[in-house]
Amino acid sequence: MRWYAFLLSSLLSASMLATQSVKTLDKVNGKTNGTPCVQAFLNADLLQDGVFLSKKSKGIITVTKDKVNKIYFNVTLKSNIGKKDEPPIYLRFIKQKQLDISEILEYAEEGDEIYIEEFVPSLNKINLNCTPASIIVGSNL
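First, a word on what this report is: a plain description of the structure on this page. (Residues numbered from 1 in each chain as written. Predicted model: local features only at pLDDT ≥ 70, side-chain atom pairs only at ≥ 80, totals over all residues. Heavy atoms only, no water.)

**Brief notes about the overall build of the protein chain**
Item 1. Scanning the protein chain from terminus to terminus reveals two helices and nine strands.
Item 2. Moving toward the C terminus, one meets the helices and strands of the protein chain in the order α-β-β-β-β-β-β-β-α-β-β.
Item 3. Out of the 141 residues in the protein chain, the part that is buried amounts to 27%.
Item 4. In the protein chain, the share of contacts with a sequence separation of at least 24, taken over all contacts with a separation of at least 6, comes to 63%.
Item 5. Of the roughly 10100 Å² of accessible surface on the protein chain, 56% is carried by carbon and sulfur atoms. (Helix = DSSP H or I, 4+ residues; strand = E, 2+ residues; numbered from the N terminus. Buried < 20%, exposed > 50% of the residue type's maximum accessible area, 1.4 Å probe, protein only. Contact = heavy atoms within 4.5 Å. Areas by Shrake-Rupley, 256 points an atom, 1.4 Å probe, with all protein chains shown as cover.)

This is how it looks when you write it as structure tokens:
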């Protein structure tokens, strides 16, 4: 009888864990429309998502969300540094109200990606369906 109780409880536990992990994956891989949740500006000019930005660009980045100007944001530079079969390096600037683009581009190479997302003080409040704004570093465009 104990054997059946053990087997039944094991099956119930496994099915509950499987259901929980599917819900978590739905949150992470949720349906996003590809439109960033934030809008990034360089010197008050809107940076279109996926745009190429010259390494020699100058100016101040600010971010808005839902008509709220100058929110706190994080910037992540994803750099491959040209080494084959090695993982990329990530450089993060956290909780910025505004940021001089030259501070990021100092570390960037052509083809690197810059991601801009809203700063959220707690992991529990992050909207995992929110796509960050992205910029690609180009050569002297």
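Still to come is the rest of the account.
**Quick word on the sheet that holds strand E3 (residues 51-54)**
Item 1. Overall, mixed pairing links the five strands, which are arranged E3-E9-E8-E5-E6 in an open sheet. Pairing within the sheet leaves two strands with one partner each, and these edge strands are E3 and strand E6 (89-96). The average undirected angle you get between the axes of adjacent strands in this sheet is 25 degrees. (Pairing = 2+ DSSP bridges. Axes fitted to C-alpha atoms, helices over the stretch in contact; angles between N-to-C directions.)

**Some points on the state of the cysteines**
Item 1. For the structure shown, the criterion picks out one disulfide.
Item 2. Disulfide pairing is shown between Cys37 and Cys130; the S-S distance is 2.2 Å. Within this pair, whereas Cys37 is found in the loop between helix H1 (2-28) and strand E1 (39-42), its partner Cys130 is found in the loop between strand E8 (113-118) and strand E9 (133-138), the two being separated by 93 residues in sequence. (Disulfide = S-S within 2.5 Å.)

**Focus on the sheet that holds strand E7 (residues 99-100)**
Item 1. With antiparallel pairing, four strands are arranged side by side in an open sheet as E2-E1-E4-E7. Looking at the sheet topology across the chains shown, the edges are occupied by strand E2 (45-46) and E7.

**Description of the packing of aromatic side chains**
Aromatic ring pairs: the centre-centre distance and the angle between the two ring planes describe each pair.
Item 1. Under the counting rule described, the total for this entry stands at zero aromatic pairs.
Item 2. Positioned above the aromatic ring of Tyr72, the side-chain terminus of Lys95 is 5.2 Å from the ring centre.
Item 3. One Lys or Arg, Lys97, reaches over the ring of Tyr72 and ends 4.5 Å from the middle of that ring. (Phe/Tyr/Trp six-rings, centres within 6.5 Å; stacked < 30°, edge-to-face > 60°. Lys NZ or Arg CZ within 6 Å of the ring centre and 35° of its normal.)

**What to know about the side chain of Ser54**
Item 1. Structurally, the position occupied by Ser54 is in strand E3.
Item 2. Of note is the side chain of Ser54, whose polar atom sits 3.1 Å from the backbone nitrogen of Lys56. (Polar contact = N/O pair within 3.5 Å; in protein donor to acceptor, adjacent residues only side chain to side chain.)

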